[in-house]
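Chain by chain, the residues run as shown.
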Amino acid sequence: MIRQDPSRIDPKRRTGLNHRQKQFAAPTFQNVEYKHRLNFYIIPPTSDITLEQFEQWAIDRLRVLAELEACSFRNKSPAETATHMKPILDKYLPLSSSVSGSTALQNERQKDHYSHFILRLAFASTEDLRRRFARAESMLFRMRFQADDSKERQAFVESLNLDWETVGDDERREYAEQLRAAGGGYPKRIEEENYFKVDWERVPELVDSRRVFLKYGKAYVPGREQASIIVAEFTSRLEKDLELTARGLPRLDEDDRLAPILAHLSANFTTPDASYSSSQTALPGADISARNIDALSASFPLCMQSLHRSLRRDAHLKHYGRLQYTLFLKGIGLNLEECLLFWRTSFSKITDDVYNKEYRYNVRHAYGDVGGDSNRRGNGYSPFSCQKILTEHPPGPGESHGCPYRHFSIDNLTALLQNVGVKDQEVLRGVKEDKEKQKFHLACNRVFEYVHKQEIKKVRDEGTWGAAQLETIVHPNEYFKRSYLLKNMGNNPIESDGKDADVRMEG
Ligand code: SF4
């Protein structure tokens, strides 16, 4: 697909290349015949496609992966995700079964195959992108695997030649008790289930949830858990291949047709909820000014309320807290002048000179007023999404940033919630359970629903807000926007535009 000049490879090195290195060996341009609907993407594509196809196919796949990520952030169940994804997959990445008799079958599979490899190139460059790409691709693979026709699925699994060891009858009987215990008492008669032995590292999900019996480093996986093994295998191969792709990336820099397309694609693999811009949160008529932040903070999510309280208590915030809070304030529509004024007045214990030397530049930088690297679009950084706050830069001693639902101890979290007025024991108990299950978004949304329960009931009863406007919040700025709109319904004619800007990927 991406032609490599064969003369650049030493002929002596060409022989003996393993299958992964073959992508850099002399290419044999040919059309592949796709026997199976599912694909482990082992062999890179080698036939020609146009530059337009290259870009369009990748963009179409990107839309699918973005929606899958959004479903995951919104804690949709597998069944809800499958229902939500069906029209999107039908539109952008259809994949008919072999028995469908579809004439588009080979073209669909080719697009699936090529688009996967194009995105590999686009997303191999950083660890974060590789991790997210592998996760989204694994979700897509799992969904397709589960939806596949059972005979076709079995034929596909057999074609993989995985080195699973079948557990023989004697061994199965010997460990019958342990096997049944791991299966929660299933099967009643051990003969009713087949088992495979694999290295335990290959099925971390099953080991984590104690759904397999372990012996001498091997996991005894029941046949009904086949999907887990296959998906784990898919993920681990993809992760390894992405690292190999990353190493080969510098060669691609020489291709000035592809490099800009790939850079554009990866720039658009923003976290679905990371692309929040101030125009999407704009609240026309609202007083978003330095002097009004104290009043507005009643509508802030807990992460930002916590930062605001620390700032008021200490007249200072450490670097990462300032960045998280500045970007949030920028996202709610506070302009640069007002933001500079806000920080200047908030840091009341320092002189103008110290403020100008040590803090002013960083605020301007966050707004894209100075600096270049991260200010690609001239607007500075985007406000942090929940995902970013939850997963990156956990706060250290003396720092106040992060997400209280994740980073605070349960006692400190409960105390903070009580301080901001959440005293209902049932809500606090629910938050504790959410935290224990690591469902931090749910805890935050639980509190949001409690704090706004009357207003939510009103917009529901009156039908003024649709379901999309009441979906799970996954961005602090969306929290503020909804909270502000709900709290100001009576004395402010502003209506939410209902755009969940935080769940769409550009491109
Ligand atoms: Fe803030 Fe998101 Fe945590 Fe809520 S879940 S407190 S909005 S980071």
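Residues numbered from 1 in each chain as written. Predicted model: local features only at pLDDT ≥ 70, side-chain atom pairs only at ≥ 80, totals over all residues. Heavy atoms only, no water.

For the protein chain, an unreviewed UniProt entry supplies the name DNA primase large subunit and the organism Venustampulla echinocandica. Comment text from UniProt for the protein chain, heading Function (unreviewed entry), reads "DNA primase is the polymerase that synthesizes small RNA primers for the Okazaki fragments made during discontinuous DNA replication." Per UniProt, the protein chain has the following entry under Sequence similarities (unreviewed entry): "Belongs to the eukaryotic-type primase large subunit family." (UniProt positions renumbered as here; feature names shortened; annotations may be inferred.)

> Outline the overall build of the protein chain, supporting the account with residue identities and numerical values.
Scanning the protein chain for helices and strands turns up 25 helices and four strands. Taking all 507 residues of the protein chain together, the buried fraction comes to 50%. Here the analysis covers contacts within the protein chain between residues at least 6 apart in sequence; of these, 69% occur between residues at least 24 apart. Carbon and sulfur atoms make up 48% of the accessible area of the protein chain, which totals about 25,600 Å². (Helix = DSSP H or I, 4+ residues; strand = E, 2+ residues; numbered from the N terminus. Buried < 20%, exposed > 50% of the residue type's maximum accessible area, 1.4 Å probe, protein only. Contact = heavy atoms within 4.5 Å. Areas by Shrake-Rupley, 256 points an atom, 1.4 Å probe, with all protein chains shown as cover.)

> Talk me through the side chain of Ser310; I want residue IDs and the actual numbers.
Relative to the elements of secondary structure, Ser310 occurs in helix α14 (residues 302-314). With a relative accessible area of 7%, Ser310 lands in the buried category.

> Outline unusual backbone geometry, supporting the account with residue identities and numerical values.
Following Tyr186, the chain continues to Pro187 via a peptide bond in cis, the omega torsion being -5°. Within the fold, Pro187 resides in the loop between α8 (176-182) and β2 (195-199). In the Ramachandran plot, Ala315 falls in the positive-phi region, its phi being about 55° despite a non-glycine side chain. Tracing the backbone through its elements, the reader meets Ala315 in the loop between α14 and α15 (319-332). You can call Ala315 buried: its relative accessible area is 9%. Positive phi values are uncommon outside glycine, yet His393 reaches one of about 45°. For His393, the position within the fold is in the loop between α19 (386-391) and α20 (404-407). Since its relative accessible area comes to 46%, His393 is described here as partly exposed.

> Can you tell me about helix α16 (residues 336-346), naming the residues and giving the values?
Within α16, the full set of buried residues consists of Leu336, Cys339, Leu340, Phe342, Trp343, Arg344 and Ser346. Where α16 is buried, its residues meet α13 (293-296), α14, α15, α17 (352-358) and α18 (360-366).

> So, the sheet that holds β2: which residues are in play, and what are the values?
The strand order across the open sheet built from four strands is β1-β2-β4-β3, with neighbouring strands paired in antiparallel fashion. Of all strands in the sheet, those bounded by a partner on one side alone are β1 (165-166) and β3 (213-215). Across two bridges, the pairing between β1 and β2 is antiparallel. What sits directly across from Thr166, in β2, is Phe196. (Pairing = 2+ DSSP bridges.)

> Lay out the nonpolar core in plain terms, naming residues and giving numbers.
One broad trend across soluble globular proteins is that nonpolar side chains are buried collectively. Formed by 60 residues in total, the largest nonpolar core has its most connected members in Phe300, Tyr325, Trp343 and Tyr405. A total of seven residues in this core trace back to one element, the largest contributor, which is α15. Residues in contact with Trp343, not counting those within four places in the same chain, are Leu311, Leu317, Arg322, Tyr325, Thr326, Tyr355 and Val363. Grouped together as the second largest cluster of nonpolar side chains are 59 residues, Ile49, Ile88, Leu93 and Leu121 included. (Core = buried A, V, L, I, M, F, W, Y, C linked by side-chain atoms within 4.5 Å.)

> For the confidence of the model for the protein chain, give the residues involved together with the corresponding values.
On average, residues of the protein chain score 83 in pLDDT, and 84% of them reach the 70 mark or higher. When mean pLDDT is taken per element in the protein chain, α14 scores highest with 97 and helix α1 (residues 11-14) scores lowest with 43. When the criterion is pLDDT under 50, residues 2-17 qualifies, and its contacts beyond four places in sequence or with other chains add up to 22 contacts. Across residues 373-377 the pLDDT falls below 50, and counting only partners more than four positions away or on other chains, this stretch makes eleven contacts in the model. (pLDDT = per-residue confidence, 0-100.)

> Explain the packing of α15 against α16 to me, and be specific about the residues and the numbers.
At a minimum axis separation of 11 Å, α15 and α16 run at an interaxial angle of 140°. Considering the angle they form, α15 stands oblique to α16. Viewed along their axes, α15 and α16 form a crossing whose handedness is right-handed. Within the contact between the two elements, α15 uses Arg322, Tyr325, Thr326 and Leu329 and α16 uses Cys339, Phe342 and Trp343. (Axes fitted to C-alpha atoms, helices over the stretch in contact; angles between N-to-C directions. Parallel < 35°, antiparallel > 145°, perpendicular 65-115°, else oblique. Left-handed = near helix turned anticlockwise from the far one by under 90°.)

> Go over the pairing of strand β4 (residues 218-222), please, and point to the residues and values.
The side chains of a regular strand alternate between the sheet's two faces. With respect to burial, β4 is a largely interior element, four of its five residues being buried. Two strands pair when backbone bridges link them, and β2 and β4 are joined in this way by five bridges, in the antiparallel orientation. Bridge pairing links Tyr195 to Pro222 in β4. With three bridges joining them, β3 and β4 adopt antiparallel strand pairing. Across the sheet, the residue bridging to Leu214 is Ala219, located in β4. In textbook terms, the turn of a hairpin is the stretch between consecutive antiparallel strands, and for β3 and β4 this stretch comprises two residues, one of which, Tyr216, has a positive phi near 45°.

> Quick rundown of the UniProt feature "binding site: [4Fe-4S] cluster" (unreviewed entry) in the protein chain? Include the residues and the values.
Per the UniProt record, the feature "binding site: [4Fe-4S] cluster" (unreviewed entry) sits at Cys303, Cys386, Cys403 and Cys444. Spatial clustering of the annotated residues is evident: they stretch over 142 residues in sequence, but the largest pairwise C-alpha distance comes to 10.1 Å. Secondary-structure assignment places Cys303 in helix α14. According to the relative accessible area criterion, Cys303 is buried, its value standing at 9%. Not counting residues up to four positions away in its chain, the partners in contact with Cys303 are Gln324, Gly402, Cys403, Pro404 and Pro476. Locating Cys403 in the fold gives a position in the loop between α19 and α20. Setting aside chain neighbours within four positions, we find Cys403 in contact with Cys303, Ile389, Leu390 and Phe408.

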